[in-house]
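# A closer look at the structure
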Amino acid sequence: MKAVIVLSGGQDSATSLALAVKRYGAKEVAAITFTYSQRHAIEVEYARKLAKRFGVENHNFVSLDFYSSITENALMSKDRAIKKIKGSSCPTSVVEGRNSFFLLSASVWAKKLGATEVWTGVSEADYSGYPDCREKFIKSQQRTIRLALEWPIKIVTPFMHMTKAQEWALADELGILEIIENETVTCYNGILGKGCGKCPACRLRNAGYREFLSKRKSQR
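Just so we're clear, the structure is a prediction, and the values are computed from it rather than from any experiment.

What counts, and at which threshold
- Residues numbered from 1 in each chain as written.
- Predicted model: local features only at pLDDT ≥ 70, side-chain atom pairs only at ≥ 80, totals over all residues.
- Heavy atoms only, no water.
- Axes fitted to C-alpha atoms, helices over the stretch in contact; angles between N-to-C directions.
- Helix = DSSP H or I, 4+ residues; strand = E, 2+ residues; numbered from the N terminus.
- Left-handed = near helix turned anticlockwise from the far one by under 90°.
- Contact = heavy atoms within 4.5 Å.
- Nonpolar A, V, L, I, M, F, W, Y, C, P; charged D, E, K, R; others polar.
- Polar contact = N/O pair within 3.5 Å; in protein donor to acceptor, adjacent residues only side chain to side chain.
- Disulfide = S-S within 2.5 Å.
- Parallel < 35°, antiparallel > 145°, perpendicular 65-115°, else oblique.

Packing of helix α5 (residues 164-174) against helix α7 (residues 200-218) leaves a shortest axis separation of 7 Å and a crossing angle of 65°. Once α5 is placed against α7, the crossing between them reads as right-handed. Along the contact surface, α5 presents Lys164, Ala165, Trp168, Ala169 and Asp172, while α7 presents Leu204, Arg205, Gly208, Tyr209, Glu211, Phe212 and Arg216. Its residues placed into classes, the contact of α5 with α7 shows six nonpolar, one polar and five charged.

Written out as structure tokens, the structure is:
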């Protein structure tokens, strides 16, 4: 096994999965999906479908449902609005420390499988206030995990310095544009594809798509 992909069912992780499969082949790639009391389960359903679509048979579903007992946020509570509060560095949708749990858990499983790479679709190019999406966090986490496991884990972040428009262009290059457009769940309200069009995730995704289409048109 070469790599474990953190697969949420959204645009970033699905494109990451496709890229890893192209590089190593489906038999050398495993996927791991987490439940953490998120308020919509549709992303987990589509993570399952995406793994099957790309031929990845080794797919682990891990429960982190204890998360709701230690933190509160808009992605885990329907009673909280998704917004950026004045004076706060993070939107209400931030799930504190989530990627630390994800990456450590994925790395532990990777070691069990004999894999040395863990892939995640985080990006700081379109940074929206999530501290655990920054490159300096990823580098720090990689060092910590290597010390904890005594295993040469490499955390691969193919989109760290890509904009959403560049990511859409990559999906087009990989021949998976329609899959990413129609079969992924990025929306914070759990709506497939283009989503609600209003939440921060949808606005970022859709703006990137429009920019991608505009650039593609101008190049023809």
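Along the chain, Thr184 falls in the loop between α6 (177-182) and α7. Here the side chain of Thr184 touches Ile180 through a polar contact of 2.6 Å, landing on its backbone oxygen. Setting aside anything within four residues of it in sequence, one finds Thr184 in contact with Gly9, Gly10, Gln11, Ala14, Leu50, Ile179, Leu192, Gly193 and Arg205.

This brings us to the state of the cysteines. Applying the stated criterion across every chain yields a total of zero disulfides. Take Cys196: it sits in no disulfide, and the sulfur closest to it among the cysteines is that of Cys187, at 3.7 Å.

With that settled, consider the packing of helix α1 (residues 11-24) against α5. α5 packs onto α1 with a crossing angle of 40° between their chain directions and a minimal axis gap of 11 Å. With respect to each other, α1 and α5 are oriented oblique. Crossing of α1 against α5: the hand is left-handed. For the pair formed by α1 and α5, the contact residues are Gln11, Asp12, Thr15, Ala18, Leu19 and Lys22 on the first element and Lys164, Glu167, Trp168, Leu170 and Leu174 on the second. Looking at side-chain class alone, the contact of α1 with α5 contains five nonpolar, two polar and four charged residues.

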